[in-house]
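Coordinates in review
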2 protein chains.
Amino acid sequence: MVTHLTEEIPRSVWYGWGDPYRARPLSASALEFLRRTLGLAGVEAIHPPTALADVRLSAPALDDSVLAELRDIVGPGHVSTDAAERILHAGGKSTPDLLRRRSGDALGAPDAVVYPGGSEEVGAVLALCVKRKVAVVPFGGGTSVVGGVEPLRGQFSGTLTLDLRRLDRLLHVDPASRTATFEAGIRGPAIEAALAPHGFTLGHFPQSHQEATLGGYVATRSAGQASTGYGRLDQLVKAAHLETPAGPFDAGSLAPGSAAGPKLLDVVLGSEGTLGVITQATVKVVPAPQAKVYGAWTFPTFEAGAEALRKLRHNGARGDMPHVCRLSDTDETASTFRLGGAKTGALSHYLAVRGQKTPALALFVWEGDAGQARARKRRSARILRQAGGIALGPLPGKSWEHGRFSGPYLRDELLTRGVYVETLETAATWGRLEDTYRSVRGAILSALQAKGAAAYVQTHISHVYSDGASLYFTFLAGLEEDGLAQNARVKAAASNAIVAAGATITHHHAVGLDHAPYLRAEIGDLGVQVLRSIKDTLDPEGIMNPGKLIPSPSSGTP
Amino acid sequence: MVTHLTEEIPRSVWYGWGDPYRARPLSASALEFLRRTLGLAGVEAIHPPTALADVRLSAPALDDSVLAELRDIVGPGHVSTDAAERILHAGGKSTPDLLRRRSGDALGAPDAVVYPGGSEEVGAVLALCVKRKVAVVPFGGGTSVVGGVEPLRGQFSGTLTLDLRRLDRLLHVDPASRTATFEAGIRGPAIEAALAPHGFTLGHFPQSHQEATLGGYVATRSAGQASTGYGRLDQLVKAAHLETPAGPFDAGSLAPGSAAGPKLLDVVLGSEGTLGVITQATVKVVPAPQAKVYGAWTFPTFEAGAEALRKLRHNGARGDMPHVCRLSDTDETASTFRLGGAKTGALSHYLAVRGQKTPALALFVWEGDAGQARARKRRSARILRQAGGIALGPLPGKSWEHGRFSGPYLRDELLTRGVYVETLETAATWGRLEDTYRSVRGAILSALQAKGAAAYVQTHISHVYSDGASLYFTFLAGLEEDGLAQNARVKAAASNAIVAAGATITHHHAVGLDHAPYLRAEIGDLGVQVLRSIKDTLDPEGIMNPGKLIPSPSSGTP
């Protein structure tokens, strides 16, 4: 279904998220919540972003002969050293990224931005960059929140960001085999728009959907809001074409199953631009759903809700699992209800009367044939009720869906009002989920409060597996004078708690720069050596996205 | 469900498949079929295997100091240079393997067989083998049909086969997360027996189930007869522990989903003993089914049957797909019916009257809750009927299941009677399935008939995916004087046809020695270089299973 949810938006603004015209101002109740919860007397808009003209930028380091050769390869209109273009490619969309750029610091911007028109041009640019010792950062939607597109020069003469927006075509659909091949620079809404006439959907809707690209999805091993039903992207990709400094590399196979040795596609998935540039990918597609059926239940505690999700996954009939499946902890539920106004006030009262004074809200969407989706909801309702759930009807789910991509816009206004806000995520087995939740939440809260300020953490589960679930933390506090130090302190505390819990350092945000120091704890010294050996084979000079993903030889967990 | 199907059998006989006491003699109708179809006048038992005492074996090449050190590591009772033990580990179970051993040739046997008791002993053996330049072949059930466990000495001083049968324990079950951790030497039936008290099954039943081990499943990226329902093994494994010459290596994660870079577990899966020895693995498990519901339908042609399977997969309700899903071509169906005697004679007549003179038989098993499984069959029946299917009831499916692991026993008697028989498999997208079927089948038939003899090929689909299906070919002809040359001719013709069709060189038999020359066509030069770089990192001296999986630097497609 192509709806307003999957429509194209203009390219993102340089200092924040997406298209600023889509941002809605914070409501009076949200401001009141911030004042009360965070003890911020004013919450005034006193920290606007620096004017674009005042942003600090280093002089472009690439010499004219390199720029001339680049123009020869991709055409003169597709190489830019303009300040605005460089600033737009200076990094991703993590809170520290935004803090830096809002304060006028784009000193890390690339020396040039190149817009290739196809795989062969990408290959030629890489060959030139090997020869001229230029670092290359592949750039899709630019929505990385882990420093994945930050241009690091390292030992090279300059950095160049390769923006793949011109590689935006659907190349082939095989309806009988239900596969589609795209150029990798195509964005989420355009994928859906291209598949719609064929009756198909990719079913991949991360929060960055409106900006992110298929190549970015592949490079970061993405998961979407409906991945409980449609599968993570690594389950949807069949093959990918890379241009690497060592030459073109086709990973994966059209065969539906194969025992032909290690699956090298799984080396490309999650490679985050460190091995080469993904220029095409073939994905599995499924019929676009004819209907969506919404449901919401509340549970007495987050733990009871998590146990209900586990039972739904384990005891529900095969195929009954909803496509979207989210559970908020009691804090996130409280803030959802609070922002809902009078209607949810009455609801809170009703739930309290029924014994749920601090409820945890679970939202579900079943997709597909209308009759089948309704039957699935009906059968699932029995399990959820037995697990202590109180049914709320379809409205909370519809309301969530309406705002499903708009959350990150709020951050821009919060930062303007002097509120620090960031998110991070992990995943753990059912057996370890509660401990992981408590320890990571506790670590974030302690780190936020370290200087005595009030702080707030809310958490949800958004991906439900047979063997466990994801945990997604959103946290706020007053912005300290050194916001970058504040962020580093909180991020380190959370990451160390995740490592100590034996959970994964990232469920779907990827590794990038920010998680690289923690990767060794997850994959071991030999795992790092294996990654390094693969990189040395495909990118012997090390020009591809330096500093990302692979921890440096000396680094242990900080 | 633990049944007679999943019970332990003794270790395999040296000259053939499994436990010879389980073999049943060829029926009179089978012999008559061979006489008529292959034009073999006698089909007499005139080629029995050589007596064990007469099998040719080279003198063990490992010197006494190496053997003494091995005994120090694993205990004196766990190192063997006995002829019988060496012959049992001389190779796998492909037809050329059996032809060699039956003719008295075990010259390729390892110099010693070592039975380690745990991961640390495996690690210590590898360290010794690096120091003393000894090649190591990991050995699970020994059922490779692609030369995967053939001891090749290469540049080393000797070869040692590491038989993992002592690593046979269930180490841990996490019922809430539905995972189980096993030692890797545990065999298929023992996995099921260990899980049964917990109410779980792994659901993995390759034809080698009664002998093959979990480590072998992982190392070869195995698929089982019920993988359409339970998933391929690569979808069931969460983590694996390897001992490598570079040290212990833990691949995979307990987290249910992760975006922490490339998935290195997928480098271990399918590594076929070339990177190290898998000593433990954690797998996802599911509740053992309470019921099995059987169904069979015939279709006017193989193509019509394949189209029916595709429709079942694509148009059936989510979760309705049967766990077992097999479609025989008209040749395989004819031989199934012919061997069924009078009852199937009447059935053939009935089908002919209804317009199916040369039908293609499809078998299905739905597993799970009895009511749900019956409902799934009922809904599926509508799709199959609309696709031209005639329902036959549960008996053909039950009959198939009764003999599901016994097919390979027939080969021993066929070889004794001078009949050449072998199998091979591939997989292709729905869009290319029919072309792949025709060209590979045609290539096998032409190669078999190259010397003027009669030949027979039958084919089935046994794994049904959203994007395509597997193709499994079984073929027979009179055994030529040089059976090895006959086999090489047919195998090369089939493999070249598979490569030309753009299908995979192996759907579930793995690469081993026999498919290694064709891997380059499938993964490319850079893919081979990536594999080589991973091997150089984990096994810098190259002692692990030399000659397998990774094509030699010079080799192209033969």
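Residues numbered from 1 in each chain as written. Chains lettered and ligands numbered in written order. Predicted model: local features only at pLDDT ≥ 70, side-chain atom pairs only at ≥ 80, totals over all residues. Heavy atoms only, no water.

As recorded in an unreviewed UniProt entry, chain A goes by FAD-binding oxidoreductase and comes from Arthrobacter silviterrae. Per its UniProt entry, chain A bears the Sequence similarities (unreviewed entry) comment "Belongs to the FAD-binding oxidoreductase/transferase type 4 family." (UniProt positions renumbered as here; feature names shortened; annotations may be inferred.)

**Describing the interface of chain A and chain B**
In this complex, chain A contributes 77 residues to the contact, which on the side of chain B involves 77 residues. Here chain A and chain B share an interface that buries about 5,700 Å² over both sides, 60% of which is from carbon and sulfur atoms. At the boundary of chain A with chain B, the tally comes to two salt bridges. Top contributing element to the side of chain A that touches chain B by residue count: helix H19 (residues 516–538) of chain A, with 12 residues. Looking at side-chain class alone, the side of chain A that touches chain B contains 31 nonpolar, 30 polar and 16 charged residues. (Contact = heavy atoms within 4.5 Å. Buried area = accessible area lost by both parts, 1.4 Å probe. Salt bridge = Lys/Arg side-chain N within 4 Å of Asp/Glu carboxyl O. Helix = DSSP H or I, 4+ residues; strand = E, 2+ residues; numbered from the N terminus. Nonpolar A, V, L, I, M, F, W, Y, C, P; charged D, E, K, R; others polar.)

**A closer look at the environment of Thr201 of chain B**
All names here are of chain B. Looking at the secondary structure, you find Thr201 in strand S7 (residues 200–201). For the pair Thr201 and Ile191, spaced 10 residues apart in sequence, the C-alpha separation works out to 8.1 Å. The residues contacting Thr201, other than those within four sequence positions of it, are Glu192, Leu195, Tyr230, Val285, Val286, Pro287, Ala288 and Pro289. Of the polar contacts made by the side chain of Thr201, one reaches the side chain of Glu192; its length is 2.6 Å. (Polar contact = N/O pair within 3.5 Å; in protein donor to acceptor, adjacent residues only side chain to side chain.)

**A short note on the pattern of salt bridges**
Evaluated as defined, the whole model comprises 59 salt bridges over all chains. Notably, a salt bridge pairs Glu307 of chain A with Arg310 of chain A, separated by 2.8 Å at the nearest N-O pair. Remark: Arg310 of chain A and Glu307 of chain A occur in helix H11 (residues 302–315); sequence separation between them is three residues, near one turn of the helix. Looking at Arg310 of chain A, the relative accessible area reads 16%, which means it is buried. Arg379 of chain B is the partner of Asp320 of chain B in a salt bridge, and the nearest nitrogen-oxygen pair spans 2.7 Å. With Asp320 of chain B in the loop between helix H11 (302–315) and strand S13 (324–328) and Arg379 of chain B in helix H14 (residues 370–386), the pair connects residues that are 59 residues apart, well separated along the chain. A relative accessible area of 34% places Arg379 of chain B in the partly exposed class. Salt bridges sharing common partners tie together Arg221, Arg232, Asp234, Lys263 and Asp266 of chain A. (Buried < 20%, exposed > 50% of the residue type's maximum accessible area, 1.4 Å probe, protein only.)

**Some thoughts on the nonpolar core**
Counting 186 residues, the largest nonpolar core has Leu214, Ile444 and Ile461 of chain A together with Leu214, Ile444 and Ile461 of chain B as its most contacted members. Here Ile461 of chain B is in contact with Phe302, Ala306, Leu309, Cys325, Arg326, Leu327, Leu433, Ala469, Ser470 and Leu471 of chain B, once residues within four sequence places are set aside. (Core = buried A, V, L, I, M, F, W, Y, C linked by side-chain atoms within 4.5 Å.)

**Observations concerning helix H15 (residues 395–402) of chain A**
Residues and elements named next belong to chain A. Taken residue by residue, H15 has Gly397, Trp400 and Glu401 as its buried positions. Buried residues along H15 cover an arc of 100° about the axis, so they all sit on one side. Turned more than 90 degrees from where H15 packs its buried face, Leu395, Ser399 and His402 sit exposed. Looking at the buried side of H15, the elements it contacts are strand S12 (291–299), strand S13 (324–328) and strand S14 (360–368). (Arc of directions from axis to C-beta.)

**Side note on the relation of the copies chain A and chain B**
Superposing chain A onto chain B takes a rotation of 180° plus a shift of 0.0 Å along the axis, which leaves an RMSD of 0.0 Å. What we have between these two chains is a two-fold relation. Across chain A, the smallest distance between a C-alpha and the rotation axis is recorded for Gly319 of chain A, namely 2.1 Å. In this assembly the copies share their binding face: 100% of the residues contributing to the interface of chain A also contribute to that of chain B. (Least-squares fit on C-alpha atoms with pLDDT ≥ 70 in both.)

**Points about the packing of H11 of chain B against helix H17 (residues 430–448) of chain B**
Residues and elements named next belong to chain B. As a packed pair, H11 and H17 sit with axes 11 Å apart at the nearest point and diverge in direction by 155°. By the angle between their axes, H11 is roughly antiparallel relative to H17. Of the two possible hands of crossing, H11 and H17 adopt the one that is right-handed. Contacts between H11 and H17 pair Phe302, Glu303, Ala306, Leu309, Arg310 and His314 from the former with Trp430, Leu433, Glu434, Tyr437 and Arg438 from the latter. When its residues are assigned to classes, the contact of H11 with H17 shows six nonpolar, one polar and four charged. (Axes fitted to C-alpha atoms, helices over the stretch in contact; angles between N-to-C directions. Parallel < 35°, antiparallel > 145°, perpendicular 65-115°, else oblique. Left-handed = near helix turned anticlockwise from the far one by under 90°.)

**Observations concerning the pairing of strand S17 (residues 455–461) of chain B**
All names here are of chain B. A large share of S17 lies buried, amounting to seven of its seven residues. Burial along S17 is two-sided: the face carrying Ala455, Val457, Thr459 and Ile461 and the face carrying Tyr456, Gln458 and His460 are both buried. Sheet analysis places S13 next to S17, joined by two bridges and oriented antiparallel. Bridging across to S17, Leu327 finds its partner in Ile461. In this structure, S17 lies alongside strand S18 (residues 468–478), joined through six bridges in antiparallel fashion. The residue bridging Gln458 from the neighbouring strand is Thr474, located in S18. With antiparallel pairing between neighbouring strands as the criterion, S17 and S18 make up a hairpin whose turn holds six residues. (Pairing = 2+ DSSP bridges.)

**Quick word on unusual backbone geometry**
Residue and element names in this part refer to chain A. Backbone geometry places Leu549, a non-glycine residue, at a positive phi of 65°. In this fold, Leu549 is placed in the segment after H19. A relative accessible area of 1% means that Leu549 is categorised as buried.

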